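What follows is the residue order along each chain.
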Amino acid sequence: MKDQKRLWIYSFIGIITTSVVLAFARLSYGTILPFMREGLQITYKEAGLLGTVTSFGYLSMVVTAGLLSAKWGGKKTILLGISLVTVGFIGVALSPYYWITLWFMLLLGIGTAFTYTPLISLLVTWFPKQKGLVIGLTTSGVGIGILLTGLMVPYISRLYPVVGWRISWGLFALVGGIVVFCIYLFIKNPPSITSSETTELQTRPKDIYKNKDVINVSLIYGLIGVAYIVQMLFVMSFMIESEISMTQAGQLIALNGILSIFGGPLWGFISDKLGRKQSLIATMTITFASMTLPLFFPTLLGFTVHIVVLSCTLTGLFTLIQASTMDQVKPIDMPLAFSYATFYFAAGQFIGPFIAGWLIDDFGGFSSAFLFSTICLGLGLLLTFKVKRGRVQTFSKSNLTTEVN
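These figures come from a predicted structure and were not determined experimentally. (Residues numbered from 1 in each chain as written. Predicted model: local features only at pLDDT ≥ 70, side-chain atom pairs only at ≥ 80, totals over all residues. Heavy atoms only, no water.)

A. Here's a closer look at the confidence of the model for the protein. Confidence in the prediction for the protein averages 83 pLDDT; 92% of positions are at 70 or higher. Here strand 2 (residues 400-404) is the element of the protein with the lowest mean pLDDT, 41, and helix 3 (residues 74-94) is the one with the highest, 94. Below pLDDT 50 for its whole length, residues 193-199 participates in 6 contacts with residues either more than four positions away or in separate chains. (pLDDT = per-residue confidence, 0-100. Helix = DSSP H or I, 4+ residues; strand = E, 2+ residues; numbered from the N terminus. Contact = heavy atoms within 4.5 Å.)

B. Structural view of empty space enclosed by the protein. Throughout the structure, instances matching the rule amount to 6 cavities of 30 Å³ or more. What lines the largest cavity is simply Leu22, Arg26, Leu27, Tyr116, Val142, Tyr221, Tyr228, Phe318, Gln322, Phe345 and Gln349. When contributions to the lining of the largest cavity are tallied by element, the ones reaching two or more residues are helix 1 (2-40), helix 9 (212-241), helix 12 (300-327) and helix 13 (334-362). With 3 residues, the top contributor of residues to the lining of the largest cavity is helix 1. Class assignment for the residues of the lining of the largest cavity results in 8 nonpolar, 2 polar and 1 charged. By volume, the second largest cavity is sized at about 50 Å³. Every residue along the wall of the second largest cavity is listed here: Ile146, Tyr228, Gln231, Met232, Asn256, Ser260, Leu310, Ser311, Leu314 and Thr315. Elements with a contribution of two residues or more to the lining of the second largest cavity: helix 9, helix 10 (246-274) and helix 12. Here the lining of the second largest cavity gets 4 residues from one element, more than from any other, and that element is helix 12. (1 Å grid on protein atoms, 1.4 Å probe; cavity = no way out; pocket = protein on both sides within 12 Å on 5 of 7 lines; lining within 4 Å. Points joined across faces, edges and corners; volume = space filled by probe spheres on them. Nonpolar A, V, L, I, M, F, W, Y, C, P; charged D, E, K, R; others polar.)

C. Spatial organisation of helix 7 (residues 164-186). Under the 1.5 Å per step criterion, the end-to-end length of helix 7 is 34 Å for 23 residues, consistent within 8% with the ideal 33 Å. Residues of helix 7 that are buried: Gly164, Trp165, Ser168, Trp169, Phe172, Ala173, Gly176, Val179, Cys182 and Ile183. (Expected span 1.5 Å × (residues − 1). Buried < 20%, exposed > 50% of the residue type's maximum accessible area, 1.4 Å probe, protein only.)

D. Examining the side chain of Thr374 more closely. By the secondary structure assignment, Thr374 is in helix 14 (residues 366-384). Setting aside residues up to four positions removed in sequence, Thr374 forms contacts with Phe288, Met291, Thr292 and Leu295.

E. Structural detail: unusual backbone geometry. Not every positive phi belongs to a glycine, and Gln41 is a case in point at roughly 55°. Secondary-structure assignment places Gln41 in the loop between helix 1 and helix 2 (44-72). In this model, Glu243 sits at a positive phi of 70°, which is unusual for a non-glycine residue. The residue Glu243 is located in the loop between helix 9 and helix 10 in this model.

F. Geometry of the side chain of Ser290. Considering the arrangement of structural elements, one finds Ser290 in helix 11 (residues 276-296). A relative accessible area of 2% places Ser290 in the buried class. Polar contacts involving the side chain of Ser290 include one to the main-chain carbonyl oxygen of Thr287, which spans 2.9 Å. Once residues within four sequence positions are removed from consideration, Ser290 is found in contact with His306, Val309 and Leu310. (Polar contact = N/O pair within 3.5 Å; in protein donor to acceptor, adjacent residues only side chain to side chain.)

Below, the structure written as structure tokens:
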């Protein structure tokens, strides 16, 4: 009973933390971009560079975050990360120039690296037999954050056309401060797994990095990272350019948030029961199909179906690929494998905005950027068929069990 209570408390804190570091720090930029671009008077290439800089901060520090988490413990590392993100929000809100904004966007990426991977590793270590569910619940914070962003940003920007985007970043900072307080009060590091409790020995890092099964899942995660960041950064601008009103576009972003809340927990629970590989193939196929819709139907109906379908699968896809990464290794190696796979994801998010901004400005506009995302997802879908089910050992406090995915 005590463990069940802990699961829900930790999952709730995981949800609000993910809302801050993924939805607000990373994905809200696409919704704020039309207003922020006008305020800073920048091109789409420059806007893409801001997204790239954030991704570079994430990429450059994600492995370091894993090492620091192993040395400090997850809680201290997460507190450092969420604090850096909060400072980044404040800096972007107050920044008067583009080049200063670049530095604070970089800080958002660095802070996310020190928060998200250690958070997932901490939660999975606490609840190894329910990792699909707990990752799903945590990633539902993305949907909640997107919902709030879709409702709040257009509304505030209409009320305050000149500084509305700055107010939005300031509100993100306020929520970030609240999350720092919650983590400090309620989160604890999991008990250490000692040699007396398990016969498993930790694999050498280079053996994890050379593991073909881990590499395959990591490549899929990287391709998802490319497609996801491009879609989230530019779908709002794509809709507005396609003569969809700002209000309707904001409502669709909010709808995306509502539906995304349930996708992660649902697909995580399904995969824990029916198998990771089958669930992963299904979500990748649906996501790939939905990404093609704006290419052929850049209309209100086309974007609506695109967003509804995508929001039902995408956070579930994150849940499944993260769980699949850890399914490929022993329990003691899960944090290392997840950190390694996240490096690929971060690399995808690093190159995605830069390539998309270049395509939008010089090679066919938003359609070319979304075609690029669709191709990436298609490649990811092909690799999904090579994911191994495998037998995955799961550690519990009293014994070592085996589950099949």
